[in-house]
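So the chains spell out like this:
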Amino acid sequence: MPKRFLIIMNPNSGMKRANRLLTDIVSVFNRAGYFTSVMVTDKRGAGKSYAKEYASQFDALVAIGGDGTFNEVVSGLIESGVNIPVGYIPSGSTNDFASGIGLSKNILKAAKDITNEHIIDVDVGSFNGRVFTYVASFGAFTEASYQTAQSLKNSLGHLAYVLEGIKDVPSIMRSERLKIVTDKKVYEGDFIFGAISNSTSLGGLLKINKKYVDISDGELEILLIRKPSVPIDYAQIIYALNSGEYAKCPQICFSSAKNIEIISDKKINWTLDGELECAKEKNEVKNISHAVQIFIP
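Computed from a predicted model, the values in this text were never measured in an experiment.

## Quick notes on the packing of helix α1 (residues 17–31) against helix α5 (residues 107–115)
Part 1: In the contact formed by α1 and α5, the axes pass within 9 Å of each other and the chain directions differ by 30 degrees. Between α1 and α5, the interaxial angle falls into the category roughly parallel. Crossing angle aside, the handedness with which α1 passes α5 is right-handed. Facing Arg-17, Ala-18, Leu-21, Asp-24, Ile-25, Val-28 and Phe-29 of α1, the residues of α5 in contact are Ile-107, Leu-108, Ala-111, Lys-112, Ile-114 and Thr-115.
Part 2: For the contact of α1 with α5, the per-class residue count stands at nine nonpolar, one polar and three charged.

## Quick look at α5
Every α-helical turn comprises 3.6 residues, leaving residues that sit three or four positions apart pointing alike.
Part 1: Along α5, the residues that are buried comprise Ile-107, Ala-110, Ala-111, Asp-113 and Ile-114. One side of α5 holds all its buried residues, which, seen down the axis, span an arc of 160 degrees.
Part 2: A side-chain oxygen of the first residue of α5 lies 3.1 Å from the backbone nitrogen of Leu-108; this N-cap is Asn-106.
Part 3: A positive backbone phi angle near 55 degrees is found at Glu-117, which sits one or two residues after α5.

## Quick notes on the environment of Ile-180
Part 1: Examined against the element boundaries, Ile-180 turns out to sit in strand β8 (residues 176–182).
Part 2: Residues in contact with Ile-180, not counting those within four places in the same chain, are Lys-185, Val-186, Tyr-187, Phe-191, Leu-224, Ile-260 and Glu-261.

## Examining the side chain of Asp-233
Part 1: On the secondary structure map, Asp-233 appears in helix α9 (residues 231–243).
Part 2: The side chain of Asp-233 sits in the buried core without any salt bridge; Arg-226 is the nearest counter-charge, 10 Å away.
Part 3: Here the side chain of Asp-233 touches Ser-229 through a polar contact of 2.8 Å, landing on its backbone nitrogen.
Part 4: Those residues within four positions of Asp-233 in sequence are excluded, and the remaining contacts are Pro-228 and Gln-251.

## Notes on empty space enclosed by the protein
Over the atoms a probe the size of a water molecule is rolled, and this reveals where empty space is left.
Part 1: One pass over the structure, following the stated rule, counts one cavity of 30 Å³ or more.
Part 2: Considering only enclosed or pocket space, the largest cavity measures out at about 50 Å³ in volume.
Part 3: For the largest cavity, the full set of lining residues is Tyr-88, Leu-103, Ser-104, Ala-110, Asp-113, Ile-114, Phe-295, Ile-296 and Pro-297.
Part 4: Sort the elements by how many residues they give to the lining of the largest cavity and α5 lands first, with three residues.
Part 5: A breakdown of the residues in the lining of the largest cavity according to their chemical character gives seven nonpolar, one polar and one charged.

## Remarks on the pattern of salt bridges
Part 1: One pass over the full model with this rule turns up ten salt bridges.
Part 2: Among the ionic pairs, Glu-117 bridges to Lys-3, the shortest N-O distance being 2.9 Å. Linking Glu-117 in the loop between α5 and β5 (119–127) with Lys-3 in the segment before β1 (4–9), this pair joins segments that are 114 residues apart in sequence.
Part 3: Lys-3 sits in the partly exposed class, given a relative accessible area of 39%.
Part 4: For the salt bridge of Glu-79 with Lys-52, the shortest nitrogen-to-oxygen distance reads 3.2 Å. Here Lys-52 lies in helix α2 (residues 46–54) and Glu-79 lies in helix α3 (residues 67–80), a separation of 27 residues in the sequence.
Part 5: On the basis of relative accessible area, Lys-52 is assigned to the partly exposed category, the value being 43%.
Part 6: The structure contains a network of salt bridges with shared partners spanning Lys-48, Lys-52 and Glu-79.

## What to know about the packing of aromatic side chains
Part 1: Following the criterion strictly, the structure yields eleven aromatic pairs and no others.
Part 2: Taking the centre distance of 4.8 Å and the plane angle of 25 degrees together, the rings of Phe-70 and Phe-97 count as stacked. Of the two residues, Phe-70 sits in helix α3 while Phe-97 sits in helix α4 (residues 96–100), which places them 27 residues apart along the sequence. Each member of the pair, Phe-70 together with Phe-97, is buried.
Part 3: A centroid spacing of 5.2 Å and a plane angle of 50 degrees characterise the contact between Phe-127 and Trp-270, whose relative ring orientation is tilted. Of this pair, Phe-127 sits in strand β5 while Trp-270 sits in strand β15 (residues 269–272), placing them 143 residues apart in sequence.
Part 4: Three or more aromatic residues joined by ring pairs make a cluster, and in this case those are Phe-5, Phe-29, Tyr-34 and Phe-295.
Part 5: The ring of Phe-58 has Arg-4 lying over it, and the distance from NZ or CZ to the ring centre is 5.0 Å.

About the cut-offs
Residues numbered from 1 in each chain as written. Predicted model: local features only at pLDDT ≥ 70, side-chain atom pairs only at ≥ 80, totals over all residues. Heavy atoms only, no water. Axes fitted to C-alpha atoms, helices over the stretch in contact; angles between N-to-C directions. Helix = DSSP H or I, 4+ residues; strand = E, 2+ residues; numbered from the N terminus. Parallel < 35°, antiparallel > 145°, perpendicular 65-115°, else oblique. Left-handed = near helix turned anticlockwise from the far one by under 90°. Contact = heavy atoms within 4.5 Å. Nonpolar A, V, L, I, M, F, W, Y, C, P; charged D, E, K, R; others polar. Buried < 20%, exposed > 50% of the residue type's maximum accessible area, 1.4 Å probe, protein only. Arc of directions from axis to C-beta. Polar contact = N/O pair within 3.5 Å; in protein donor to acceptor, adjacent residues only side chain to side chain. Lys, Arg positive; Asp, Glu negative; His and termini not counted. Salt bridge = Lys/Arg side-chain N within 4 Å of Asp/Glu carboxyl O. 1 Å grid on protein atoms, 1.4 Å probe; cavity = no way out; pocket = protein on both sides within 12 Å on 5 of 7 lines; lining within 4 Å. Points joined across faces, edges and corners; volume = space filled by probe spheres on them. Phe/Tyr/Trp six-rings, centres within 6.5 Å; stacked < 30°, edge-to-face > 60°. Lys NZ or Arg CZ within 6 Å of the ring centre and 35° of its normal.

Set out below in structure tokens:
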């Protein structure tokens, strides 16, 4: 009996490239011997609902869309309690998680890679119980991910994020006073940016040195940028981010941890895989080790 794949597709992701190729994608799986069903999302959260409800009826799930769609599918699968692998055909505007694990940007190539059935176990994060697959972040430029209109993302792709980020430049000067407690270190102060991640690519604009990232090691990476006090601080921050030499910049805090507590004197906005999360004054972030199986090239 052939294996059964459920494709969960967001028809509005990116520049809608996958819509034109859906028949070809299904053909790739059919030729490889898979019985394929397709469900199309019509609202936010639909991907999670489909994955949670129908995972038990299939041998694998395949998400077609951006990182938000992939997040929904993974979240639904985890809540279902079913242990089956997930394929990801990235067709969004940025596709950070896909870039981080080396998935092809060519939609049909990404589909063919899934049929090779090379699977790895991947960690995910939990932010107050809500799953994120690759990053939880706050501060400079992060608002662009959820404030940019879908129509602009569809017409301009990743450039839309860049343009929205430029509009967000004044927020760089806005800092948040936080205390971050990990199982290794404690950080406290005024920060203009922070990311807790399991990826080498954040927002398509910031890269984390690959030597620090292992997506299956049971830990999340923490990158914090303190508020600059003099102009030279900006140059040092930019150099450190570009070179990956974080320890040489006093404005950057970088480490890895399994459990993280974030304390602030007010509620601030975070983004989880590009989607808005209204945090509390006290937040718990955890690594869920080997939470999901992913098809990779």
